[in-house]
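Inside the fold
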Amino acid sequence: MTQRLTLTRPDDWHIHLRDGEVLQHVVPPTAMQMGRAIVMPNLKPPVTDAKLALAYYDRILAQRPASSQFEPLMTLYLTDNTTPEVIAEAAATGKVVAVKLYPAGATTNSDSGLTDLSKLDEICAALTEAGMPLLVHGEVTHHHVDIFDREKEFLDEILSPLAARHPKLKLVVEHITTKDAVEFVQSQGANVGATITVQHLAYNRNHMLVGGIRPHLFCLPVLKRNLHQQALQEAVISGSPKFFLGTDSAPHAKGAKESACGCAGCYSAYAAIELYAEIFEDLGVLEKLEAFASFHGADFYGKPRNRDQITLVKESWQVPDEMPFGQDIIVPLRAGETLRWKLER
Ligand SMILES: NC(=O)N[C@@H](CC(=O)O)C(=O)O
Ligand SMILES: [Zn+2]
Ligand SMILES: [Zn+2]
């Protein structure tokens, strides 16, 4: 008999849906599996206020398939011009649920990010007041800091002191990649959580660099050595409610990835829950998938858990080599490979 796995519908607590003509290709797969998703604001120009967030929300909903109830949860991009008033206005819409910190220059489309981190205290006070989480891309950008050390350095230099100064602030360390980040999150109160991606659970830097450079595994923060991958795996195996599903699915056109200066980001949302299911099964903790994917994030954000369910069936299928992406094409994570689980439609 075919093995089936029925779960409370999951949510994706960190996704890039992009904008414009690619929305038609990027929104439906997420809308068909996820109940909600935290939509990252790093558009060009970035989503910096309530008005821009609501307009983006409408553009996303316009691409939601008729059968889906998917709800985009919008975020604001923190810039040097963000004020407590801007945050309060966004919170009042009911559609903007968090604010995202990109240190300027840390990652894709982060040029408008915060240059003056001393401004953070005022912002954190406003967020604590509004009960809104601060989501962080946790990497320093100093040129002298090695790219493999940038997450740890950010935790030590910026985030630890910040969390100590704002003990009630809800803080999500996004897409964690190191043992240090796992330990930091575990050492904090229930107000500090983290998202973990498919690629950081499934791969380490050898997968990206041994035998040739694999640009489709390049994302930020960059894959680390295997001991860090193992720490992330242990975090999900532990079942701690501090860790939850956030794909950081970040599509870039094939040509922008396969380039002399390739973009950072992996496209995993086309089969997010199937990809996580395979990892959890390989780790021997398939029974922990539901809490990671469907409970921990909702509980952290203070949102009700989804009431409907999805079913995965154990049925092999081959990931296409390429997928449409507006006028362009995209190479998904695990392109051409066989996946074991399939979402029942
Ligand atoms: N993760 C990535 O490698 N890229 C993201 C940005 C981000 O989340 O840092 C993107 O927008 O392309
Ligand atoms: Zn990021
Ligand atoms: Zn991201």
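Here's what I pulled together on the structure shown here. Please read these numbers as outputs of a predicted model, since none were measured by experiment.

Rules of the game
- In this numbering scheme, every chain counts its residues from 1 along its sequence in written order.
- As a convention, the first chain written is A and the first ligand written is 1, with the rest following in written order.
- Under the rules for a predicted model, residues below a pLDDT of 70 receive no local features and side-chain atom pairs below 80 are neither given nor counted, while totals for whole chains, interfaces and linings still include all residues.
- Side-chain descriptors were evaluated using all non-hydrogen atoms of the structure, hydrogens and water having been removed beforehand.
- Each helix is a run of H or I in the DSSP string that is no shorter than four residues. Each strand is a run of E no shorter than two, and both are numbered from the N terminus.
- As a reference, a globule follows 2.2 Å times the number of residues to the power 0.38, and the radius of gyration itself is taken over C-alpha atoms.
- Here's how the labels work: a residue is buried when its accessible area is under 20% of the maximum for its type, exposed when over 50%, partly exposed in between, all with a 1.4 Å probe on protein chains only.
- Pairs of residues are marked as contacts when any of their non-hydrogen atoms sit within 4.5 Å.
- Here, Shrake-Rupley sampling with a 1.4 Å probe gives the accessible areas, and only protein chains in the shown set may cover a residue.
- Counted as positive: Lys and Arg. Counted as negative: Asp and Glu, with His and the chain ends omitted from the count.
- Charge positions come from single atoms, namely NZ of Lys, CZ of Arg, CG of Asp or CD of Glu.
- Strands were regarded as paired on the criterion that DSSP finds at least two bridges between them.
- Under this scheme, a helix contributes an axis fitted over its contacting stretch, all axes are lines through C-alpha atoms, and angles between N-to-C directions fall in the 0 to 180 degree range.
- Proximity criterion: a residue is near a molecule or strand once any of its heavy atoms comes within 4 Å of it.
- Identification of polar contacts relies on pairs of N or O atoms within 3.5 Å, with a donor-acceptor requirement for protein atoms, meaning one able to donate a hydrogen and the other able to accept it, and with residues adjacent in sequence counted only if both atoms are side-chain atoms.
- Three classes are used: nonpolar for Ala, Val, Leu, Ile, Met, Phe, Trp, Tyr, Cys and Pro, charged for Asp, Glu, Lys and Arg, and polar for all others, with Gly counted as polar.
- Note on donors: an N, O or S atom is included if it sits within 2.8 Å of the metal, or within 3.2 Å for Na, K and Ca, and water is never included, so sites can look incomplete.
- Metal sites are grouped by the angles between bound donors: all angles between 85 and 135 degrees with four donors is tetrahedral, opposite donors over 155 degrees apart with the others between 65 and 115 is square planar for four donors and octahedral for six, and any other pattern is irregular.
- Each pair of aromatic rings taken from Phe, Tyr and Trp, with Trp reduced to its six-membered ring, is defined by centres within 6.5 Å and is described as stacked if the planes are under 30 degrees apart, edge-to-face if over 60, and tilted in the remaining cases.

**Quick word on the overall build of the chain**
- When helices and strands are counted, the chain shows 12 helices and 13 strands.
- A compact globule built from 345 residues would reach a C-alpha radius of gyration of about 20 Å, and the chain, at 19 Å, matches this within 12%.
- Within the chain, the proportion of its 345 residues that are buried is 56%.
- Sequence separation of 24 or more characterises 72% of the internal contacts of the chain that already satisfy a separation of 6 or more.
- About 13900 Å² of surface is accessible on the chain, with carbon and sulfur atoms providing 50% of the total.
- Looking at charge distribution, the chain has the averaged site of its 33 positive side-chain charges lying 3 Å from that of its 42 negative ones.

**Some points on the sheet that holds strand β10 (residues 309-318)**
- Here 3 strands make up an open sheet; going across it, the order is β1-β10-β13 and the pairing antiparallel. Each edge of the sheet is formed by a strand with only one pairing partner; in this case those strands are β1 (4-8) and β13 (338-343). The average angle at which neighbouring strand axes cross in this sheet is 35°, direction not considered.
- As paired elements, β1 and β10 share 5 bridges and run antiparallel to each other. In the strand pairing of β10, Thr8 is matched with Gln309.
- Strands β1 and β10 of the sheet are contacted by helix α12 (residues 289-301), whose axis makes an angle of about 25° with β1.

**What about unusual backbone geometry?**
- Residue Pro45 follows Lys44 across a cis peptide bond; omega there is -5°.
- Checked against the element boundaries, Pro45 lands in the loop between β3 (36-39) and α2 (50-61).
- Residue His175 is not a glycine yet carries a positive backbone phi of 35°.
- Position of His175 relative to the elements: it lies in the loop between β7 (171-173) and α6 (179-187).

**Concerning the environment of Phe70**
- With respect to the helices, strands and loops of the structure, Phe70 is situated in the loop between α2 and β4 (71-77).
- Residue contacts for Phe70: discarding those within four places in its chain leaves Thr30, Ala31, Met34, Gly35, Arg36, Ala37, Ile60, Leu61 and Arg64.

**Some words on the site of ligand 1**
- What surrounds ligand 1 is a group of 15 residues, the closest being Arg18, Asn42, Thr107, Leu220 and Asp248.
- For ligand 1, an oxygen atom lies 3.0 Å from a polar atom in the side chain of His16.
- Surface burial for ligand 1 is 100%, taken as the share of its 320 Å² of free accessible area covered by protein chains.
- Residue classes in the shell around ligand 1 are distributed as 4 nonpolar, 9 polar and 2 charged.

**Side note on the coordination of the zinc ion (ligand 2)**
- Distances from the zinc ion (ligand 2) to its protein donors, namely His137 (ND1) and His175 (NE2), fall within the range 2.0 to 2.1 Å.
- If you look at the zinc ion (ligand 2), its 4 donor atoms make angles of 54 to 146° with each other, and the shape they trace is irregular.
- The distance between the zinc ion (ligand 2) and the zinc ion (ligand 3) is 3.7 Å. Note that His137 is positioned in the loop between β6 (134-136) and α5 (150-165) and His175 in the loop between β7 and α6, a separation of 38 residues in sequence. Across the pair, exposure class does not vary: His137 and His175 are buried alike.

**A closer look at the coordination of the zinc ion (ligand 3)**
- Binding of the zinc ion (ligand 3) to the protein goes through His14 (NE2), His16 (NE2) and Asp248 (OD), at separations of 2.0 Å.
- For the zinc ion (ligand 3), the 4 donor atoms in the first shell make angles of 93 to 142° at the metal, so the coordination geometry reads as irregular.

**Focus: the packing of aromatic side chains**
- A full pass over the atoms with the stated rule returns 9 aromatic pairs.
- Pairing Phe244 with Tyr301 gives two aromatic rings, centres 6.5 Å apart and planes at 70°, and the pair type is edge-to-face. On the criterion of sequence distance, the pair formed by Phe244 in strand β9 (residues 243-245) and Tyr301 in helix α12 is long-range, its members being 57 residues apart. Each member of the pair, Phe244 as well as Tyr301, is classed as buried.
- A ring pair is formed by Tyr276 and Phe292, whose centres lie 5.6 Å apart and whose planes are at 55°; its orientation type is tilted. Here Phe292 lies in helix α12 and Tyr276 lies in helix α11 (residues 272-282), a separation of 16 residues in the sequence.

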